[in-house]
Amino acid sequence: MSDNSTITLTEKEFSLFRELIYKEAGISLGQGKQQLIESRLSKRLRAFNLTSFIQYYKYLNENDRNGEERLKMINALTTNKTDFFREQHHFDYLRSSVFPMLEKRAKETGERKIRIWSAACSTGEEPYTLAMSVLDHFGPTSFHGWDIRILASDVDTDVLAHAQKGVYAADRVTDVPKEILKRHFVKTSKDPEAPFQVRPEVQELVTFRRINFIEPQWPINTYFDIIFCRNVMIYFDEVTQDRLLTRFSDQLVPCGHLFIGHSESILRLDQLYTSLGSTMYRLSGGVGAASRKKYEDATLPPASDEPAQPRSGNSEKPAQSSTPRRATSHVRGTEVAASMQPQIALDSDVRVPAHSIIVGEVKASRNPLKVTTLLGSCVGVGLYDPKVRIGGMNHFMLPNNSSGDGTSATYGIHAMELLINEIMKLGGDRRRLIAKVFGGGDVLGKRASGTPGLSIGEQNIQFALQFLETDSIPVVAKDIGGTTGRQIQFLAHTGQAFVRPVPRVDEMCEEDMQKIRRSARAAAAEETCVVLF
Ligand SMILES: C[S@@+](CC[C@H](N)C(=O)[O-])C[C@H]1O[C@@H](n2cnc3c(N)ncnc32)[C@H](O)[C@@H]1O
């Protein structure tokens, strides 16, 4: 096969690759994109000397054990157009309104800290423009006691590798105003093709990471004051857009700002965000996140010296490996909880009707409703359909009844089905559900005492995660494991969740304890081997 020969992508192959890129990156390619896939993937076929797209598809499914080639396929199919100071009015608004507001907040709280996320940053022009705007407004941040960090992420490892270098061709900077070019770039002779290097103080503000939006867990342990997610949702369908926007709302501080692309909208989620005009939004007050009394803010993951591009050998052929492509979920007590806890706010303080559930109960609603519960070793799963804004939560005590005849929602297997059915009865769609998982604490200290085997809490967590994985319901947040109890508030109409740790069971209010004791007695009649708190 010569390098220039064209291999035709048949209709059938086109639909296979459309499904694959949707599954891998949420990218929804319309019918008219057959030629685009054909031309963008043909270089991957050439790399393996393949003569048809179906051979490449089989290679991806049968031989790509470490997922390296899938990354290259995703890289080939993403569209990475970007510019410095793209949609200038967003940066003007940062300087005129958002930065002054954050300065005011810092005066009130004494905390001079700002976190910004350039989500889908492509080759780096967007996060570096943000960094330049920060430096121009705040001055050299470390000199003035400010702690400002920008997380820049993308699914495409090639663009991340480019971004991390911070060098650009002359035609990439033609629209950058002269004084900014002088202030924030240096000329370099290292690469004649890319003579403009972003200055070190600009680069130092930015941390690059590969983050695929559709992964159920993001490796982020902070809340953001500002999220830029521009010109990427246009590649997603409505379900994926709504999931993403809901997850961003969980990742923003109260009154945090979201900036989206000029042809994107938050139409179906206007409850969560308040429009500030021109594709700029602020997290709405009174729907949960904006009412958080307190939020935890850990630092961004430390900047790595490693290039963002995954390591590969000299050969184009992916190395064979026995490592599975995706790590499977497994329960590791406190470590699981510790890694996820900061992603969940502490208290909703929302003025909506509340409904408290106890073990064995399920509650779903399409109207504003705060479903609350107390969990020790039990697990509660919140499910939410972002399109129709219907959600609910269950509370179960054991994965299943070993005698096999129980149909009570005390057992996870029934509690999950019941909740899904309730949501569907109200108009939700099982295929659109997203999940948040809570509880499963080792409140009896089984781990600490060294007792072998999984604790009840760990069994419950394992069950919930496996059930959701089997049903392809993405887990978008979790606060699980550890050794404490938890009070959960789940907003059925927004899908937001709030967790308050209950360090000692005896700190739970007496009324709740009585309910729990009552249900424990009822459950004990069904199953003698029950451990509750
Ligand atoms: C058109 S660029 C937008 C760049 C920049 N935000 C801007 O507005 O100039 C879209 C970017 O979204 C990234 N992208 C596509 N699917 C993604 C996913 N599932 N997760 C994260 N990034 C994704 C692509 O790799 C690409 O770099």
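Look up: the structure comes first, before these words.
Structural notes, computed from the coordinates. Everything numeric here is computed off the predicted structure, so don't read it as measured data.

1. Here we look at helix H7 (residues 157-165)
Thr157, Val159, Leu160, Ala161 and Ala163 are the residues of H7 that are buried. Summarising the contacts, the buried residues of H7 are in contact with helix H4 (68-77), helix H6 (125-138), strand E2 (147-154), strand E3 (167-168) and strand E6 (206-210). One side-chain oxygen of the residue at the start of H7 lies 2.8 Å from the amide nitrogen of Asp158, identifying that residue as Asp156. Trailing H7 by a residue or two, Gly166 shows a phi angle of about 70°, which is positive.

2. Structural notes on the sheet that holds strand E11 (residues 354-356)
Reading across from one edge, E11-E13-E18-E19 is the order of the four strands in this open sheet, with mixed pairing throughout. Two strands bound the open sheet, and with one partner strand each, they are E11 and strand E19 (497-502). Neighbour-to-neighbour, the strand axes of this sheet turn through a mean angle of 20°, independent of strand direction. Sheet topology places strand E13 (residues 370-375) next to strand E18 (residues 485-491); six bridges connect them, and they run antiparallel.

3. Let's talk about the sheet that holds E3
With respect to topology, three strands assemble into an open sheet ordered E3-E5-E4, the strand pairing being antiparallel. Single-partner strands in this sheet number two, and they are E3 and strand E4 (185-187). Sheet analysis places E3 next to strand E5 (residues 196-198), joined by two bridges and oriented antiparallel. Note that in E5 the partner of Tyr168 across the bridge is Phe196.

4. Concerning the site of the ligand
Near the ligand there are 21 residues, and of these Ala25, Thr82, Arg86, Asp154 and Asn231 occur at the shortest range. At 2.8 Å from a nitrogen atom of the ligand is found a main-chain nitrogen or oxygen belonging to Ala120. At 2.7 Å from an oxygen atom of the ligand is found a side-chain nitrogen or oxygen belonging to Asn231. Alone, the ligand offers 600 Å² of accessible surface; in the complex the protein occludes 99% of this.

5. Comments concerning the environment of Lys12
Here Lys12 lies in helix H1 (residues 11-25). Using a relative accessible area of 63% as the deciding quantity, one classes Lys12 as exposed. For the pair formed by Lys12 and Ile54, sequence separation is 42 residues and the distance between their alpha carbons is 9.1 Å.

6. Describing the pairing of strand E15 (residues 390-394)
With respect to burial, E15 is a largely interior element, five of its five residues being buried. Neither face of E15 is open: one carries Ile390, Gly392 and Asn394, the other Gly391 and Met393, and all of them are buried. Pairing of strand E12 (residues 362-365) with E15, which is carried by four bridges, proceeds in the antiparallel orientation. Within E15, the position partnered with Lys363 by the bridge is Met393. Summarising the sheet, strand E14 (residues 379-385) and E15 pair through four bridges and their orientation is antiparallel.

Calculation criteria
Residues numbered from 1 in each chain as written. Predicted model: local features only at pLDDT ≥ 70, side-chain atom pairs only at ≥ 80, totals over all residues. Heavy atoms only, no water. Buried < 20%, exposed > 50% of the residue type's maximum accessible area, 1.4 Å probe, protein only. Helix = DSSP H or I, 4+ residues; strand = E, 2+ residues; numbered from the N terminus. Contact = heavy atoms within 4.5 Å. Polar contact = N/O pair within 3.5 Å; in protein donor to acceptor, adjacent residues only side chain to side chain. Pairing = 2+ DSSP bridges. Axes fitted to C-alpha atoms, helices over the stretch in contact; angles between N-to-C directions. Near = heavy atom within 4 Å. Areas by Shrake-Rupley, 256 points an atom, 1.4 Å probe, with all protein chains shown as cover.

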